[in-house]
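The residues making up each chain are set out below.
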Amino acid sequence: MNKFDENCIFCKIAKGEIPTTPVYETEDVIAFNDLNPQAPVHILVIPKSHYPSLSEIDDVELLGKVANAVREITKKLGITSYRTVINTGEQAGQTVMHLHFHIMAGREFTWPAG
Ligand code: AMP
Ligand code: ZN
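Residues numbered from 1 in each chain as written. Chains lettered and ligands numbered in written order. Predicted model: local features only at pLDDT ≥ 70, side-chain atom pairs only at ≥ 80, totals over all residues. Heavy atoms only, no water.

A. Highlighting the coordination of the zinc ion (ligand 2). Distances from the zinc ion (ligand 2) to its protein donors, C8 (SG), C11 (SG), H50 (ND1) and H98 (ND1), fall within 2.0 to 2.3 Å. Classification of the site at the zinc ion (ligand 2) as tetrahedral follows from its four donor atoms and the range of 105 to 115 degrees in their angles at the metal. Expressed as a motif, the donor residue spacing for the zinc ion (ligand 2) is C-x2-C-x38-H-x47-H. Here the two residues C8 and C11 agree in accessibility, since each one is buried. (Donors = N, O, S within 2.8 Å, 3.2 Å for Na, K, Ca; no water. Tetrahedral: all angles 85-135°; square planar, octahedral: opposite > 155°, others 65-115°. Buried < 20%, exposed > 50% of the residue type's maximum accessible area, 1.4 Å probe, protein only.)

B. Summary view of the side chain of H98. By secondary structure assignment, the location of H98 is in the loop between strand 4 (83–85) and strand 5 (101–105). Since its relative accessible area comes to 0%, H98 is described here as buried. From its side chain, H98 meets the backbone oxygen of S49 in a polar contact 3.4 Å long. Apart from the residues lying within four places of it in its own chain, the contact partners of H98 are C8, F10, C11, I46, P47, K48, S49, H50, Y51 and P52. (Helix = DSSP H or I, 4+ residues; strand = E, 2+ residues; numbered from the N terminus. Polar contact = N/O pair within 3.5 Å; in protein donor to acceptor, adjacent residues only side chain to side chain. Contact = heavy atoms within 4.5 Å.)

C. Geometry of the pattern of salt bridges. According to the stated counting rule, one finds four salt bridges in the structure shown. We note a salt bridge from E17 to K15, for which the minimum N-O separation is 3.4 Å. Three or more residues joined by partner-sharing salt bridges are found here, namely D28, E61 and K65. (Salt bridge = Lys/Arg side-chain N within 4 Å of Asp/Glu carboxyl O.)

D. Layout of the nonpolar core. Ranked by internal contacts, the top residues of the largest apolar core, which has 16 residues, are V29, A31, I43, V45 and I73. Only strand 2 (29–33), strand 3 (41–47), helix 2 (60–77) and strand 5 provide two or more residues apiece to this core. Top element by residues in this core is helix 2. It accounts for five residues. Apart from the residues within four sequence positions on either side, V29 is in contact with Y24, V45, I46, P47, K48, L62, K65, V66 and A69. (Core = buried A, V, L, I, M, F, W, Y, C linked by side-chain atoms within 4.5 Å.)

E. A look at the side chain of T74. Among the secondary structure elements, T74 is positioned in helix 2. Using a relative accessible area of 3% as the deciding quantity, one classes T74 as buried. In terms of polar contacts, T74 uses its side chain to reach the backbone carbonyl oxygen of V70, at 2.8 Å. Ignoring any residue separated from it by four or fewer positions in sequence, one finds T74 in contact with I79, Y82 and I103.

Here you go:
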């Protein structure tokens, strides 16, 4: 059973209350395009259940499924080089408090990140 936070925008996407075209979907993970893409490919991968951040997810099996979804999505799209970002907390730039992995690809990325 997925658990949702009724005020959370990504929970609404996970529940289907906000329509989206999933890039990938299983019983407990969904991926969709970022509304404000920062690269030619910019996909968000989330557990359907509400966990506010990486610091607060205590289900390691589910966390593994989210990471595995990143692997499967990039493989399916034929993307071999990509940037994966997980912002945790406001200082790091997290704006949506539902754990999400960013997949960005299709351009050069600098390192160290700013
Ligand atoms: P972060 O800053 O790491 O919390 O990332 C939040 C991301 O969610 C940003 O890149 C936003 O563009 C994206 N975003 C916010 N609302 C939506 C939405 N309704 N659908 C898709 N992406 C969204
Ligand atoms: Zn949520």
